[in-house]
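# Fold and geometry: a report
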Amino acid sequence: MKDNDLIINIENLIVHYETEEGTVRAVNGIDLKMKKKRSIGLVGETGAGKTTTALAMLRLIPDPPGVIKNGVIVLNGENILDKSVKEMENIRGKDISMIFQDPMTALNPVFTVGEQIAESIMLHEDVSKKEAYERAKELLEMVGISGNRANEYPHQFSGGMRQRAIIAIALACQPKVLIADEPTTALDVTIQAQVLELINDLMEKHETALLMITHDLGVVAEVCDEVAVMYAGRIVEKGSLEDVFNRTKHPYTEGLFNSLPNIKDRKAKLKPIPGLMPDPTNLPIGCAFSPRCPYANDICREQKPVPRWISSTHMVECSAYDDPSFHIARREK
Amino acid sequence: MAKNLIEVKDLKKYFKTSHGMLQAVDGVNFTIEEGKTLGVVGESGCGKSTTGRAILRLIEPTSGEVYFDGHDVLKFSESELRKARKEMQIIFQDPYSSLDPRKTVMQIISEPIKIHRLIKNKIDLENRVLELMETVGLAERLINTYPHELDGGRRQRIGVARALAVNPKFIVCDEPVSALDVSIQAQILNLLKELQGKFNLTYMFITHDLSVVHHFSDYIAVMYLGKIVEKASAEELFKRPLHPYTQALLSAVPIPDLSERKERIILKGEVVSPINMPDECRFAKRCSYARDECRSHTPELREVYPGHFVACDFPLKG
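Here's what I pulled together on the structure shown here. Bear in mind that the values here come from a model prediction, so they are computed numbers and not experimental data.

### What about the interface of chain B and chain A?
Where interface size is given, it is often the accessible area lost as the parts come together that is meant. With 40 residues of chain B at the contact, the number on the chain A side is 43 residues. Here chain B meets chain A over a buried area of about 3,800 Å², counting both sides, of which 56% is carbon and sulfur. Where chain B meets chain A, there are 4 salt bridges. A salt bridge links K264(A) to D257(B); its shortest N-O distance comes to 3.7 Å. At the boundary of chain B with chain A, the tally comes to 15 residue pairs in polar contact (both at pLDDT 80 or more). Put simply, the parts of the chain that give the side of chain B that touches chain A at least two residues each are α6 (182-199), α7 (210-216), α8 (234-239) and α9 (244-252) of chain B. Top element by residues in the side of chain B that touches chain A is α6(B). It accounts for 7 residues.

### Observations concerning the nonpolar core
I167(A) and F245(A) are the most contacted members of the largest nonpolar core, which totals 62 residues. Apart from the residues within four sequence positions on either side, F245(A) is in contact with L217(A), V220(A), A221(A), V227(A), F257(A), R330(A), P256(B), D257(B) and L258(B). Counting 40 residues, the second largest nonpolar core, distinct from the first, contains M133(B), V160(B), A186(B) and I188(B).

### Some points on the sheet that holds strand β1 (residues 6-19) of chain A
All names here are of chain A. If you trace the 4 strands from one edge of the open sheet to the other, you get β2-β1-β4-β5, paired in antiparallel fashion. Both outer strands of the open sheet, β2 (22-35) and β5 (78-79), are each paired with one neighbouring strand and no more. Along the sheet, helix α1 (residues 50-57) contacts β1, β2 and β4 (66-75); its crossing angle with β1, the most-contacted strand, is approximately 115°.

### Comments concerning the pattern of salt bridges
Residue and element names in this part refer to chain A. Per the stated rule, a full pass over the model turns up 34 salt bridges over all chains. We note a salt bridge from K249 to E332, for which the minimum N-O separation is 3.1 Å. Highlighted residues: K249 in the loop between α8 (241-246) and α9 (251-259) and E332 in the segment after β12 (315-316), separated in sequence by 83 residues. Three or more residues are tied together by salt bridges with common partners; here these are K35, R38 and E226.

### Observations concerning helix α4 (residues 122-135) of chain B
All names here are of chain B. Helix length check: α4 (14 residues) gives 20 Å between terminal C-alpha atoms against 20 Å at 1.5 Å per residue, within 8%. Of the residues making up α4, those classed as buried are L125, R128, V129, L130, L132, M133 and T135. In this structure, the buried side of α4 is in contact with α3 (105-115), α5 (152-164) and α6. Looking at the residues trailing α4, positive phi occurs at G137, about 80°.

### Notes on the pairing of strand β1 (residues 4-17) of chain B
Pairing geometry for β1(B) and strand β2 (residues 20-33) of chain B, over 11 bridges, is antiparallel. Residue pairing in the sheet places Y14(B) in a bridge with Q23(B) of β2(B).

### Describing the pairing of strand β10 (residues 234-240) of chain A
Residues and elements named next belong to chain A. Most of β10 is tucked away, with 6 of its 7 residues classed as buried. Of the strand pairs in this sheet, strand β9 (residues 226-231) and β10 are connected by 6 bridges, and their pairing is antiparallel. Directly across from M230, in β10, lies its bridge partner I235. Sheet topology places β10 next to β12; 2 bridges connect them, and they run antiparallel. Opposite E237, over in β12, you have V316 as the bridge partner.

### Let's talk about the sheet that holds strand β11 (residues 308-309) of chain A
The strands making up a sheet associate through hydrogen bonds between their backbones, and the pairing can be parallel or antiparallel. All names here are of chain A. Pairing is mixed in the open sheet, where 8 strands are placed in the order β6-β7-β8-β3-β9-β10-β12-β11. Among the strands making up the open sheet, the edge pair consists of β6 (96-99) and β11. Against the sheet, helix α5 (residues 159-171) engages β6 and β7 (177-181), with an angle of about 175° to β6.

### A few points about the state of the cysteines
Throughout the structure, instances matching the rule amount to 0 disulfides over all chains. Looking at the unpaired C46(B), the closest cysteine sulfur is the one in C281(B), lying at 15 Å.

### Focus: the packing of aromatic side chains
Under the criterion given, the structure shown has 11 aromatic pairs over all chains. With a centroid separation of 5.2 Å and 70° between ring planes, the pair formed by Y252(A) and F289(A) is classed as edge-to-face. A residue pair is termed long-range when its members are at least 10 positions apart, and Y252(A) in helix α9 and F289(A) in the loop between α9 and α10 (298-302) qualify at 37 residues. Given the relative accessible area of 2%, F289(A) is considered buried. For the ring pair Y245(B) and F283(B), a centre distance of 5.2 Å and an interplane angle of 65° mean the geometry is edge-to-face.

### A short note on unusual backbone geometry
Residue and element names in this part refer to chain A. The omega torsion across D63 and P64 is -10°, close enough to zero to call that bond cis. For the peptide bond that leads from P64 to P65, omega is 5°, which places it in the cis range. Along the chain, P65 turns up in the loop between α1 and β4. Not every positive phi belongs to a glycine, and N12 is a case in point at roughly 45°. Its location among the elements puts N12 in strand β1. By relative accessible area, N12 is classed as partly exposed at 36%.

Definitions and limits used
- Residues numbered from 1 in each chain as written.
- Chains lettered and ligands numbered in written order.
- Predicted model: local features only at pLDDT ≥ 70, side-chain atom pairs only at ≥ 80, totals over all residues.
- Heavy atoms only, no water.
- Contact = heavy atoms within 4.5 Å.
- Buried area = accessible area lost by both parts, 1.4 Å probe.
- Salt bridge = Lys/Arg side-chain N within 4 Å of Asp/Glu carboxyl O.
- Polar contact = N/O pair within 3.5 Å; in protein donor to acceptor, adjacent residues only side chain to side chain.
- Helix = DSSP H or I, 4+ residues; strand = E, 2+ residues; numbered from the N terminus.
- Core = buried A, V, L, I, M, F, W, Y, C linked by side-chain atoms within 4.5 Å.
- Buried < 20%, exposed > 50% of the residue type's maximum accessible area, 1.4 Å probe, protein only.
- Pairing = 2+ DSSP bridges.
- Axes fitted to C-alpha atoms, helices over the stretch in contact; angles between N-to-C directions.
- Expected span 1.5 Å × (residues − 1).
- Disulfide = S-S within 2.5 Å.
- Phe/Tyr/Trp six-rings, centres within 6.5 Å; stacked < 30°, edge-to-face > 60°.

Below you can see the structure in the form of structure tokens.
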């Protein structure tokens, strides 16, 4: 990896939500590097801290109750956590853009789709309204919607088209980083396939770095180069697609794979992970996954695991590997 | 061979809209053998949920016949229907909105028992609810909690317990795991499978998730714009999809396995609303194999291989 390909570097990010019921420890010290043209899949279940991580990168954590407790997020050599509100407005949409999960609510119903795309361009570039609108039409064409539909309102678009329009807004100023938060979860599979292909093509064309937040390991396999698996606010396993899919190390990652129906063998019984995600206001003392982990020992329950690099690309955070003979049941491929 | 518990003939449900007649379900035929699962897959708006609800008469079908254990459900009087509902239950998609927030777990699960006056004694009733809770894997201490205190997986277990409360023979499962995380999804799917074995339940399993339907069903019907376009055993359908829509649908599923990477068929266009459909193949507009003949009439569902039905005049080579 060349260092000048590094676009975003997150180090030891900690985000809490301080509520009356207690402190919700949403993100508990994560490190993540994003590189030009590379896509990372951030995988995990509801409450793992995926969306909070993304919102922190845009400084959009609702405050109160959200507080960024610690960490740096370096973009272009500067820590965006030190930026003023005004400076952040220039970064959002221009350097970092986000596609939200629900295409039904992310668009403003009282403006035309063209106006909403043009708005984003006018905020960041010195262009006239007319020029911006023309650019908006081109962007619509780029995402596969006829430019002469720019004067239509969101309700006249189907779900798949709305998500394309949102992608057009996100890419309007050719951001260096695109965060896609479950961009296809609300869509049907054939439409999902169209949108994923579009995201892949556009990334290639604009040399964007992509952070794909999803719970769907299938989507990750289709779109991403790297994978980071999150659990209870920590990245518990990280590596190339091959590292995580074929040489799985973390028991939680294994549990996720075992929970999915096997397309090759429909009779194979699903092996769900027992129990539930821990309460983020009251995390276990040791490894947060230890109460659900079939391999957990006393050390796991008492001590926080530390990141362990298995190769230059593959990291796992699991104390069981202190024992050199330890391995999970899932076989390497 | 086991008997057919459910037999649906030419079922139709039309809705009047300001733009014309919306043909949500348009002449659907299928049977479900006792103790088996029919999976119904398709995208939003294909009519899969409407079909499930029309069978239970939660919405009144426009026309057709629905036989449950040999009796036409659509001819039942109010009181006969109420009796039949004891045998036919439904589990809903969203465990957040399908449970009354003002009722406790005890009240929710016992409600169908009270409606059908199965148990009158209070202690027996509580014991029955506890028994049901144990069956679906809910801890006894949760009996007086409210739905908002529980997570999605536990709520869905309440939904399952409520459906089981009256000892039904047939359950329509309408996207029962779509709102749940994968690890919880697997728990509920295993539970439903286990209950099927234990109580010889017959399921109609409605979902948009192809890997789930493949795992869960004995037979699968693929719906597109109100019609069944293909029907076969789960294994056969995945091994040998004959309808171009089924093929595209299967190829669009992202597979979480790097050795299984494949060419995807990307369908152009989107699903339209089935309003005032002309007499042509409903998939023709998006089908890359469509010919002139496809636009001249609606293809009928016909048996191409034993047990494998397809509604396409030019099915793909299996």
